[in-house]
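Residue-level listing of the chains:
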Amino acid sequence: MQFLSKNLQDEYVGMLANSCNSNVCGYDIFDYNASSEPLVIRGILKHKLIKRCWADARDFYYIDSGYFGNQKSNKNPLGTKLYHRIVKNDLQHGSVVERPDDRWLKLGLSLSEWRTGGRSILVAAPDEKPCKFYGVDKDTWVAETVATIKQFTDRPVIVRDRAKLRSERITNTLQEALSDTVALVTFNSVAATEAIMYGIPAFTLVNNAASPMALQDLSKIETPYYPTMDERYAWACHLAYGQFHVSELKDGSALRILGL
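First things first, this report covers the structure right here in the doc. Since the structure is predicted, the reported quantities are computational estimates derived from the model, not experimental observations. (Residues numbered from 1 in each chain as written. Predicted model: local features only at pLDDT ≥ 70, side-chain atom pairs only at ≥ 80, totals over all residues. Heavy atoms only, no water.)

Quick look at the overall build of the chain
Within the chain, the secondary structure is distributed over 11 helices and 10 strands. What you see for the chain is a C-alpha radius of gyration of 19 Å, in line with the 18 Å of a compact globule of 260 residues. Taking the principal axes of its C-alpha atoms as reference, the chain extends roughly 55 × 40 × 35 Å. Per-residue burial for the chain yields a buried fraction of 49% across its 260 residues. Sequence separation of 24 or more characterises 59% of the internal contacts of the chain that already satisfy a separation of 6 or more. When the accessible surface of the chain is summed, it comes to about 12,800 Å², and 49% of that surface belongs to carbon and sulfur atoms. Charge separation in the chain, taken as the distance between the mean sites of 31 positive and 30 negative side-chain charges, equals 4 Å. (Helix = DSSP H or I, 4+ residues; strand = E, 2+ residues; numbered from the N terminus. Rg over C-alpha atoms; globule rule 2.2 N^0.38 Å. Buried < 20%, exposed > 50% of the residue type's maximum accessible area, 1.4 Å probe, protein only. Contact = heavy atoms within 4.5 Å. Areas by Shrake-Rupley, 256 points an atom, 1.4 Å probe, with all protein chains shown as cover. Lys, Arg positive; Asp, Glu negative; His and termini not counted. Charge placed at Lys NZ, Arg CZ, Asp CG, Glu CD.)

This is how it looks when you write it as structure tokens:
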């Protein structure tokens with residue numbers, strides 16, 4: 001595998017490379033045509049390289065924020081970013097694969113029962129990075145999404161921008177924003193996985209790890225999808241096997257679990 005890092009400064013890519021005694025290559029000197037090795041890439045802004053891999057059917061492993069365990073909890077009282085997802089040949093984990101529940105149980109989290117009685121629809125607006133990847137104008141997407149929702153419901157629609165600083169996201173949590181919400185609508189945000197974990201149905205408008213547990217048709221905003229607890233549990237176990245604690249990036253566990 002070829003581990004790629006901007007200015008050799010990406011600590012998470014470095015952890016993975018060190019765990020298998022490999023070197024890291026800077027993007028500035030990387031020669032795409034020098035070999036056909038699978039690439040290890042972190043961050044959605046590497047969109048040109050990701051799309052080239054897709055076009056050439058070249059394997060790559062994409063690293064980004066994990067789905068569970070980065071929020072404040074008994075095991076993570078400061079809400080530190082401890083977990084990172086690794087996805088083969090895509091940005092998000094897709095169809096649910098049957099997995100053991102050991103990694104989910106280690107997180108010490110639980111799935112809430114579905115909540116009813118909420119009043120509003122919450123739209124989690126995308127930030128600039130996915131907008132650049134998908135060629136979407138954020139303001140246009142928000143305006144068109146809100147307008148579509150209002151065709152099918154009289155409920156208030158609240159738009160929530162993702163805080164730029166992680167410290168702000170820790171204190172102004174999504175869980176609090178969902179307190180009076182009947183459904184969450186998002187582009188491709190991890191917010192959808194959190195909402196479903198908290199018992200709020202979601203609508204995902206592009207490929208998203210929450211898509212198997214959500215709807216994509218906003219005309220059904222008043223009749224969202226409520227997967228069974230067994231279905232959600234299987235989904236959570238599946239995602240837990242696709243994300244890794246920083247200690248697992250360092251000690252080689254992540255690559256072993258991925259079969260690499």
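Re the side chain of Asn76
The topology assignment puts Asn76 in the loop between strand S4 (60-65) and strand S5 (83-88). A polar atom in the side chain of Asn76 sits 2.8 Å from the backbone oxygen of Thr80. Among all residues touching Asn76, those that are not within four sequence positions of it are Gly69, Asn70, Gln71 and Leu82. (Polar contact = N/O pair within 3.5 Å; in protein donor to acceptor, adjacent residues only side chain to side chain.)

Here we look at the packing of aromatic side chains
The way to describe two aromatic rings as a pair is by their centre distance and the angle between their planes. Enumeration according to the criterion identifies nine aromatic pairs in this entry. Residues Phe30 and Tyr32 carry aromatic rings whose centres are separated by 6.4 Å and whose planes lie at 80° to one another, so their mutual orientation is edge-to-face. For the residue pair Phe30 and Tyr32, the accessibility class agrees, reading buried in each case. Residues Trp141 and Phe187 carry aromatic rings whose centres are separated by 5.7 Å and whose planes lie at 75° to one another, so their mutual orientation is edge-to-face. Separated by 46 residues along the polypeptide, Trp141 in helix H5 (residues 138-150) and Phe187 in the loop between strand S8 (181-186) and helix H8 (191-198) bring together distant segments of the chain. (Phe/Tyr/Trp six-rings, centres within 6.5 Å; stacked < 30°, edge-to-face > 60°.)

A short note on the layout of surface pockets
Taken as a whole, the second largest pocket encloses approximately 250 Å³ of empty space. Taken together, 15 residues line the second largest pocket, and the ones lying closest to its centre are Ile86, Lys88, His93, Arg99 and Leu258. The dominant element in the lining of the second largest pocket, judged by the number of residues it contributes, is S5, at three residues. Of the residues contributing to the lining of the second largest pocket, the split by class is seven nonpolar, five polar and three charged. (1 Å grid on protein atoms, 1.4 Å probe; cavity = no way out; pocket = protein on both sides within 12 Å on 5 of 7 lines; lining within 4 Å. Points joined across faces, edges and corners; volume = space filled by probe spheres on them. Nonpolar A, V, L, I, M, F, W, Y, C, P; charged D, E, K, R; others polar.)

Examining the sheet that holds strand S7 (residues 157-160)
Ordered in space as S7-S6-S8-S9, the four strands form an open sheet in which the pairing is parallel. This sheet does not close on itself; its edge strands, each paired only once, are S7 and strand S9 (202-204). Each strand of the sheet is rotated relative to its neighbour by a mean of 20°, with strand direction disregarded. Where S8 meets S9, three bridges bridge the pair, whose relative direction is parallel. Across the sheet, Leu184 pairs through a bridge with Ala202, a residue of S9. Across the sheet, H8 lies against strand S6 (120-124), S8 and S9, angled at about 160° from S8, the strand it touches most. (Pairing = 2+ DSSP bridges. Axes fitted to C-alpha atoms, helices over the stretch in contact; angles between N-to-C directions.)

What to know about a negative patch on the surface
A contiguous patch of negative charge on the surface is contributed by Glu128, Asp137, Asp139 and Glu144. Considering the arrangement of structural elements, one finds Glu128 in helix H4 (residues 128-134). (Patch = residues over 30% accessible without salt bridge, like charges linked within 9 Å, V, L, I, M, F, W, Y side chains within 5 Å. Salt bridge = Lys/Arg side-chain N within 4 Å of Asp/Glu carboxyl O.)

What about the packing of H8 against helix H9 (residues 229-240)?
Across the interface, H8 lies against H9 with an axial gap of 11 Å and an inter-helix angle of 140°. Between H8 and H9, the interaxial angle falls into the category oblique. Crossing geometry of H8 relative to H9 is assigned as left-handed. Counting all contacts with H8, which are made through Thr193, Ile196 and Met197, the residues of H9 involved are Arg232, Trp235 and Leu239. By residue class, the composition of the contact of H8 with H9 is four nonpolar, one polar and one charged. (Parallel < 35°, antiparallel > 145°, perpendicular 65-115°, else oblique. Left-handed = near helix turned anticlockwise from the far one by under 90°.)

Focus: the nonpolar core
Among the nonpolar cores identified, the biggest contains 30 residues, and Phe68, Trp104, Leu178, Leu184 and Trp235 are the most heavily contacted of them. Of all the secondary structure elements, the ones that give two or more residues to this core are S6, H8 and H9. Element by element, the count of residues in this core is highest for H8, at six residues. Apart from the residues lying within four places of it in its own chain, the contact partners of Leu178 are Arg115, Leu122, Leu184, Ala195, Tyr198 and Ile200. (Core = buried A, V, L, I, M, F, W, Y, C linked by side-chain atoms within 4.5 Å.)

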